[in-house]
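Summary of structural features
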Amino acid sequence: MSASQPPHTADVPTLLVKIFGKDRPGITAGLFDTLAAFSVDVIDLEQVVTRGRIVLCALVTAPPAGLEGELRSTVHSWADSLKMQAEIISGIGDNRPRGEGRSHVTVLGHPLTAEATAAITARITDVGGNIDRIFRLAKYPVTAVEFAVSGTETEPLRTALAIEAAVQGVDVAVVSAGLHRRAQRLIVMDVDSTLIQDEVIELFAAHAGCEDKVAEVTAAAMRGELDFEQSLHARVALLEGLDASVVDKVRTEVRLTPGARTLIRTLKRLGYQVGVVSGGFTQVTDDLKERLGLDFAQANTLEIVDGKLTGKVTGEIVDRAGKARLLRRFAAEAGVPLEQTVAIGDGANDLDMLNAAGLGVAFNAKPVVREAAHTAVNVPFLDTVLYLLGVTREEVELADTHTD
C-alpha cells in the first residue's frame with residue numbers, strides 16, 4: 001500500500017475492499033465496474049496472486065451519505081456470483097506514514113524454509129524494522145523473496161541479518177532503497193572461480209606438468225596467507241618454456257560458471273555495463289570479453305617470446321589493490337558513480353574491490369571474504385546475483401528468449 005498519507009485523504013472516511021478467491025481474467029475490472037456506480041475515488045490498490053488464488057485490495061473513499069450499505073451489498077453479491085469472498089472494512093484515511101529508513105532485503109534459499117523465514121523476519125523486527133511489502137522474485141533455481149523494510153537504517157539491518165543468514169544457511173542482501181537501484185549500473189566481476197569455474201593458471205599448469213605445485217600456491221594466496229604478487233610470480237615461473245599454442249587449448253578448456261551467460265545477457269539488456277578484472281591472464285580474459293560482449297576487461301599478461309612462455313608477466317600487476325583501482329577506473333570511464341557499482345568475487349584479493357563498490361557480493365567465497373563483503377551468495381548459480389538487484393525471474397527469462 002502507499003507510503004504516505006496525503007493531506008486530502010488524512011481525515012477522509014474510507015473503505016478497504018478486499019476480494020479473495022480463484023484468479024481469472026476480469027476480476028479487477030469487474031470490481032471497479034461495481035464500485036464506479038457509487039462515485040468513490042481510488043486511494044490505493046494492491047493485488048497478489050499466489051498459486052492461482054487472488055487477493056485484491058482497494059482502498060477507496062466512502063460513498064455519499066446513505067449509500068454505504070448498498071455498496072456493501074452490491075460488492076458482496078458481485079463476489080458471490082464469481083464464487084469469491086469479499087470483506088469491507090470502514091476506517092479513516094490511508095496508511096500511517098512509514099518510518100524513517102528504507103531498505104530492500106533480498107533472501108535467497110535453496111530451499112527457503114519456514115524456519116529461516118521466521119528467523120529473518122524476527123531479526124527485522126528486533127532492529128526496529130517494519131515489513132511494508134513482500135514480493136517473490138524467483139522460484140528457481142533458488143527461491144528469492146524481497147522485503148521492503150522501513151523504520152531502520154540499512155547498515156544495522158544488514159549487520160543483524162548477515163549474522164542470522166549464516167545461522168540459517170540462507171543468503172541475505174540488504175541495500176538502501178531509492179531510484180539508484182534501477183539506475184544504470186556497472187557490474188565488475190572477478191574471473192577465476194567466479195565468472196568461470198576454473199583457476200586459469202591451473203589449466204596452464206596442467207599442460208606444464210606442475211598442476212599440484214601451482215594449485216598449492218593458489219589456494220594459499222586465496223586464503224590470504226601469501227602476498228598475491230609474490231605468489232603470482234612464483235606460479236608463473238613454473239610455466240617457463242611452455243609452448244604458446246597452449247593458450248588456444250586453455251581457452252577451449254575454460255568452463256563458465258552456471259548462470260554466467262544469463263547474468264551478462266540480462267544485465268546488457270537492462271543497459272548495464274559489465275567488466276571483469278582478474279589476477280589471471282589477458283590471454284584468456286580478452287577472449288572472454290569478445291565472446292561475452294563485456295565492456296571492460298583487465299588482467300595480467302603472460303610474456304611470450306619466440307613462441308614460448310618465459311615464466312614472467314608484463315605490465316601493471318593486477319593484485320588486490322589493483323582490482324579496486326580498476327573498478328574505480330571502469331566506473332569513471334562508464335560515467336557511473338562508485339556507489340552504483342556492484343563487484344563480485346570469491347577470494348581475498350577481491351576484498352578491496354568488494355569494499356570499494358556500492359554493493360560487494362561474495363560469490364561462493366572463502367570465509368574471510370564472506371565476513372567482509374556486503375552480502376554473500378552461496379549457491380552455484382551466478383545469475384542469482386540479479387535478484388539482489390531486484391530483477392525478477394520473469395525478466396531474466398525475457399532476456400533469455402529475446403532475439404535481436
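Everything numeric in this text was worked out from a predicted model, so none of it was measured. (Residues numbered from 1 in each chain as written. Predicted model: local features only at pLDDT ≥ 70, side-chain atom pairs only at ≥ 80, totals over all residues. Heavy atoms only, no water.)

Between its first and last C-alpha, helix 5 (residues 154-168) extends 20 Å over 15 residues, near the 21 Å set by a 1.5 Å rise per residue. When helix 5 is considered as a whole, its buried residues turn out to be Thr154, Leu157, Arg158, Ala160, Leu161, Glu164 and Ala165. Lining the buried residues of helix 5 we find strand 5 (102-109), helix 4 (114-126), strand 7 (143-150) and strand 8 (171-176). A positive phi of about 75° marks Gly169, the residue just after helix 5. (Helix = DSSP H or I, 4+ residues; strand = E, 2+ residues; numbered from the N terminus. Expected span 1.5 Å × (residues − 1). Buried < 20%, exposed > 50% of the residue type's maximum accessible area, 1.4 Å probe, protein only. Contact = heavy atoms within 4.5 Å.)

Right, let's get into the packing of aromatic side chains. Here the structure, examined in full by the defined rule, presents two aromatic pairs. On the basis of an interplanar angle of 85° and a centroid distance of 6.0 Å, the ring pair of Phe204 and Phe281 is categorised as edge-to-face. Placement of Phe204 in helix 6 (residues 200-208) and of Phe281 in strand 10 (residues 273-281) is noted, with a sequence separation of 77 residues between them. Judged by relative accessible area, which is 0%, Phe204 ranks as buried. Accessibility expressed as a relative area gives 2% for Phe281, which makes it buried. Between Phe296 and Phe330, the ring centres sit 4.7 Å apart and the planes meet at 15°, which makes this aromatic pair stacked. Residue Phe296 is located in strand 11 (residues 296-305), and its partner Phe330 is located in helix 12 (residues 320-334); the two are separated by 34 residues in the primary sequence. Of the residues examined, Phe330 reaches a relative accessible area of 4% and is grouped as buried. (Phe/Tyr/Trp six-rings, centres within 6.5 Å; stacked < 30°, edge-to-face > 60°.)

Scanning the entire structure with this criterion turns up two cavities of 30 Å³ or more. The volume enclosed by the largest cavity comes to roughly 150 Å³. As for the largest cavity, its lining consists of 16 residues, and the residues nearest its centre are Asp192, Glu199, Phe228, Gly279 and Gly280. In terms of residue class, the lining of the largest cavity is built from five nonpolar, five polar and six charged. One number sums up the size of the second largest cavity: a volume of about 30 Å³. Around the second largest cavity sit Val107, Leu112, Ala116, Thr117, Ile120, Val145 and Phe147, which together line it. The set of elements that each furnish at least two residues to the lining of the second largest cavity consists of helix 4 and strand 7. Take the lining of the second largest cavity: its biggest share by element is three residues, from helix 4. (1 Å grid on protein atoms, 1.4 Å probe; cavity = no way out; pocket = protein on both sides within 12 Å on 5 of 7 lines; lining within 4 Å. Points joined across faces, edges and corners; volume = space filled by probe spheres on them. Nonpolar A, V, L, I, M, F, W, Y, C, P; charged D, E, K, R; others polar.)

Mapped onto the present numbering, the UniProt feature "domain: Phosphoserine phosphatase ACT" (unreviewed entry) falls at residues 104-174. Taken end to end, residues 104-174 is 39% helix and 38% strand, and its two terminal C-alpha atoms sit 6 Å from one another. (UniProt positions renumbered as here; feature names shortened; annotations may be inferred.)

For Arg235, the position within the fold is in helix 8 (residues 228-237). Apart from the residues within four sequence positions on either side, Arg235 is in contact with Ile201, Val214, Val217, Thr218 and Phe228.

On to a positive patch on the surface, then. Taken together, the side chains of Lys22, Arg24, Arg51, Arg53 and Lys83 present a region of like positive charge at the surface. Mapped onto the fold, Lys22 is located in strand 1 (residues 13-22). Residue classification places Lys22 among the exposed residues on the basis of a relative accessible area of 53%. (Patch = residues over 30% accessible without salt bridge, like charges linked within 9 Å, V, L, I, M, F, W, Y side chains within 5 Å. Areas by Shrake-Rupley, 256 points an atom, 1.4 Å probe, with all protein chains shown as cover. Salt bridge = Lys/Arg side-chain N within 4 Å of Asp/Glu carboxyl O. Lys, Arg positive; Asp, Glu negative; His and termini not counted. Charge placed at Lys NZ, Arg CZ, Asp CG, Glu CD.)

All right, on to the side chain of Glu202 then. With respect to the secondary-structure elements, Glu202 resides in helix 6. Despite its burial, Glu202 remains without a salt bridge, the nearest opposite charge being carried by Arg235 at 6.5 Å. Setting aside its immediate chain neighbours within four residues, Glu202 contacts Glu211, Val214, Ala215 and Thr218.

What follows concerns helix 4. In this model, helix 4 (13 residues) spans 18 Å end to end at C-alpha, consistent with the 18 Å of a helix rising 1.5 Å per residue. The complete set of buried residues in helix 4 reads Ala116, Ala119, Ile120 and Ile124. Down the axis of helix 4, the smallest arc covering the buried residues is 140°, so these residues share one side. The outward face of helix 4, more than 90 degrees from its buried face, is lined by the exposed residues Ala114, Glu115, Thr125 and Asp126. Where helix 4 is buried, its residues touch strand 5, strand 6 (130-138), strand 7, helix 5 and strand 8. Phi for Gly128, located one or two positions after helix 4, is positive at around 90°. (Arc of directions from axis to C-beta.)

The next point concerns the environment of Ala205. Considering the arrangement of structural elements, one finds Ala205 in helix 6. Relative accessible area serves as the criterion here: at 0%, Ala205 is assigned to the buried category. Each C-alpha atom, one on Ala205 and one on Glu87, is 69 Å from the other, the two residues being 118 residues apart in sequence. Setting aside residues no more than four positions away along its own chain, Ala205 makes contact with Cys210, Glu211, Val214 and Leu239.

What follows deals with the pattern of salt bridges. Summed over all chains, the structure comprises 19 salt bridges. Between Asp190 and Lys323 there is a salt bridge, and its shortest N-O distance comes to 2.9 Å. Within this pair, whereas Asp190 is found in the loop between strand 9 (186-189) and helix 6, its partner Lys323 is found in helix 12, the two being separated by 133 residues in sequence. We note that Asp190, like Lys323, is buried. Taken together, the shared-partner salt bridges connect Arg123, Asp126 and Glu164 into one network.

By size, the foremost hydrophobic cluster in this structure holds 61 residues, and its most contacted members are Met189, Leu195, Phe204, Phe281, Leu288, Ile344 and Leu382. Residues contacting Met189, with those up to four places away along its chain left out, are Leu195, Leu263, Ile264, Val274, Gly275, Val276, Val277, Ile344 and Leu382. In terms of nonpolar packing, the next biggest core, distinct from the first, is built from 22 residues, Leu326, Val336, Leu354 and Ala376 among them. (Core = buried A, V, L, I, M, F, W, Y, C linked by side-chain atoms within 4.5 Å.)

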